[in-house]
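Here is what each chain is made of, one letter per residue.
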Amino acid sequence: MKDRLVTPGYCFILAANFLLYFGFWLMMPVLPFYLDEIFRADKATIGIVLSCYTIAALCIRPFSGYLLDTFARKPLYLLAYFVFTAIFGGYLVAGTLTLFIILRIVHGLAFGTVTVGGNTIVIDIMPSSRRGEGLGYYGLTNNTAMSIGPMVGLFMHDAGTGYPVIFCTSLGSCLLGMLCASMVKTPYKPPVRRAPVSLDRFILLKGMPAGLSLLLLSVPYGMTTNYVAMYAKQIGMDVSTGFFFTFMAVGMAVSRLFSGRLVDHGKITQVINVGLYLVIASFFLLAGCVYFIQWNPALCSVLFFGIALMLGIGFGIMFPAYNTLFVNLAPNNQRGTATSTYLTSWDVGIGIGMLAGGYIAEISSFDRAYLFGACLTIVSTLYFHLKVAPHYHKNKLR
């Protein structure tokens, strides 16, 4: 009974996490169009504006991990969730690009805190014997939202829905999510003696090799979630790009049927290896779509959605494995720090992907950007085999 995973608190935290990510990612692929149409921003400027959010999240994550390890977690989580939700209302009244950038920075600070808080709380309320499976389902909520959200946003945009309605939809999703978050019951966390402030209280030093590997993977992922619709338009692909994210969501859902249990049986590095090979193939194929469409447009369209499915499966099986890897390298009193380091690594790559994708597209084309990202996945895989896996097996605590 004590190993029961599905509890009311676990269900509420899953719902809160899904609605938070759905609200944000619903508007993410729409923002490049919004900045282009409303503020007349070029591609490089769009990349800078979008990356402000990720840079802010990156800056706050190490501190949020330290605070969550030191103080009561739920109040900090709810406060960050409230600020994150309120910013959507600010987007409705942002009349200048400068004000929009300021709101994006505040949004990133709130996101960096609320996501570390959610990841840490879900670890606290689940049995340790089912941590891989539990994190797999928890990761499925944000990964599914990161796939379904952009799809819904693009469908709304393509249907002529106004930007205020899109922003209000995101606001409503997060308000409902905050209600779910408030209903999560967390275990009592006794006051802890504050250790002297040092670097390892903000960053899990043992997790740095894995963090670099994850960062390299998230660069092309950041390019994909933000620019794949523009890429398809640039090469003349006549498809509804919203379905790209639908197939990604399907791939992620399928991957969770087996990946979490494999992780719980200790096959963490093996699961990551499989995901790495799928992701490498996917990004090289995505970069090659610019040539495939000239040869056979119909086949290229099928391949386009097949790539989305492969990406979903690849990243879907790696997310819980990487998360568990970081947690297994940290003592229990550094769960927040481990989660912060894991998410920080991901956010750094996402931010680089946004910046690099926009910049490379501005001076060249999106297919070159994806080719660059595909090469990074090869570097990540080699580094994982040579450094990360041996380091993990030598230093894991559980």
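Everything quoted here is computed from the prediction, not taken from an experiment.

The rules behind these values
Residues numbered from 1 in each chain as written. Predicted model: local features only at pLDDT ≥ 70, side-chain atom pairs only at ≥ 80, totals over all residues. Heavy atoms only, no water. Helix = DSSP H or I, 4+ residues; strand = E, 2+ residues; numbered from the N terminus. Rg over C-alpha atoms; globule rule 2.2 N^0.38 Å. Buried < 20%, exposed > 50% of the residue type's maximum accessible area, 1.4 Å probe, protein only. Contact = heavy atoms within 4.5 Å. Salt bridge = Lys/Arg side-chain N within 4 Å of Asp/Glu carboxyl O. Patch = residues over 30% accessible without salt bridge, like charges linked within 9 Å, V, L, I, M, F, W, Y side chains within 5 Å. Areas by Shrake-Rupley, 256 points an atom, 1.4 Å probe, with all protein chains shown as cover. Core = buried A, V, L, I, M, F, W, Y, C linked by side-chain atoms within 4.5 Å. Expected span 1.5 Å × (residues − 1).

S.K.: Help me understand the overall build of the chain in this model?
M.R.: Assigned secondary structure in the chain consists of 14 helices and 0 strands. Overall, the chain shows an N-to-C arrangement of helices and strands of α-α-α-α-α-α-α-α-α-α-α-α-α-α. Taking 2.2 N^0.38 as the reference for a compact globule, 398 residues should give roughly 21 Å; the C-alpha atoms of the chain span a radius of gyration of 20 Å, in line with that estimate. Dimensions of the chain, computed from C-alpha atoms along their principal axes, come out at roughly 60 × 45 × 40 Å. The buried share among the 398 residues of the chain stands at 59%. For the chain, the proportion of contacts with a sequence separation of at least 24, taken over those separated by at least 6, is 88%.

S.K.: Honestly, the environment of L50 in this entry has me stumped. Any pointers?
M.R.: For L50, the location among the structural elements is in helix α3 (residues 43–70). For L50, a relative accessible area of 0% corresponds to the buried category. Sequence spacing of L50 and L35 is 15 residues, and the spatial spacing of their C-alpha atoms is 9.7 Å. In this structure, L50 is in contact with M28, L31, P32, L35, R104, N226, Y227 and M354, ignoring residues within four places of it in sequence.

S.K.: Just to check I follow, could you spell out the pattern of salt bridges for this structure?
M.R.: When their charged atoms lie close together, side chains carrying opposite charge are able to pair. By the definition in use, this model includes 2 salt bridges. With a closest N to O distance of 2.4 Å, R73 and D124 form a salt bridge. Highlighted residues: R73 in helix α4 (residues 73–93) and D124 in helix α5 (residues 97–125), separated in sequence by 51 residues. Among the residues examined, R73 registers a relative accessible area of 10% and is labelled buried. Residue D124 is classed as partly exposed on the basis of its relative accessible area, which comes to 21%. Between D367 and R368 there is a salt bridge whose closest N-O contact spans 3.9 Å. Classification of D367 as buried rests on a relative accessible area of 9%. Its relative accessible area of 46% is what places R368 among the partly exposed residues.

S.K.: Please clarify how a nonpolar patch on the surface should be interpreted in this entry.
M.R.: Together, F243, F247, V250, V254, L257, F258, L262 and L309 give the surface a local cluster of nonpolar side chains, amounting to about 660 Å² of exposed area. Broken down by element, the nonpolar patch gets its largest block of residues, 4 residues, from helix α9 (residues 242–255). Turning to its location among the elements, F243 is positioned in helix α9.

S.K.: How do you make sense of unusual backbone geometry when you look at a structure like this?
M.R.: With the exception of glycine, most residues fall at negative phi, and the peptide bonds are largely trans. Of note in this structure, R40 is not a glycine but carries a positive phi near 55°. By the secondary structure assignment, R40 is in the loop between α2 (31–39) and α3.

S.K.: What is the right way to read the nonpolar core from this model?
M.R.: One broad rule of soluble globular proteins: the nonpolar side chains tend to lie buried together. One finds Y81, F315 and Y322 to be the most contacted residues of the largest nonpolar core, which totals 129 residues. Broken down by element, the residue count for this core peaks at 15 residues, all from helix α12 (residues 297–328). Excluding anything up to four places from it in sequence, Y81 contacts A16, L19, L20, V114, C174, G177, M178 and A181.

S.K.: Just to check I follow, could you spell out helix α1 (residues 8–27) for this structure?
M.R.: It helps to recall that an α-helix has 3.6 residues per turn; residues three or four apart then point in one direction. Taking 1.5 Å as the rise per residue, α1 with 20 residues should run 28 Å; its terminal C-alpha atoms sit 29 Å apart, in good agreement. For α1, the tally of buried residues reaches 15 of 20 residues, placing the bulk of the element in the interior.

S.K.: Can you help me understand the environment of S129 in this one?
M.R.: As for its position among the elements, S129 is in the loop between α5 and α6 (131–158). A C-alpha to C-alpha distance of 9.7 Å links S129 and H265, two positions 136 residues apart in sequence.

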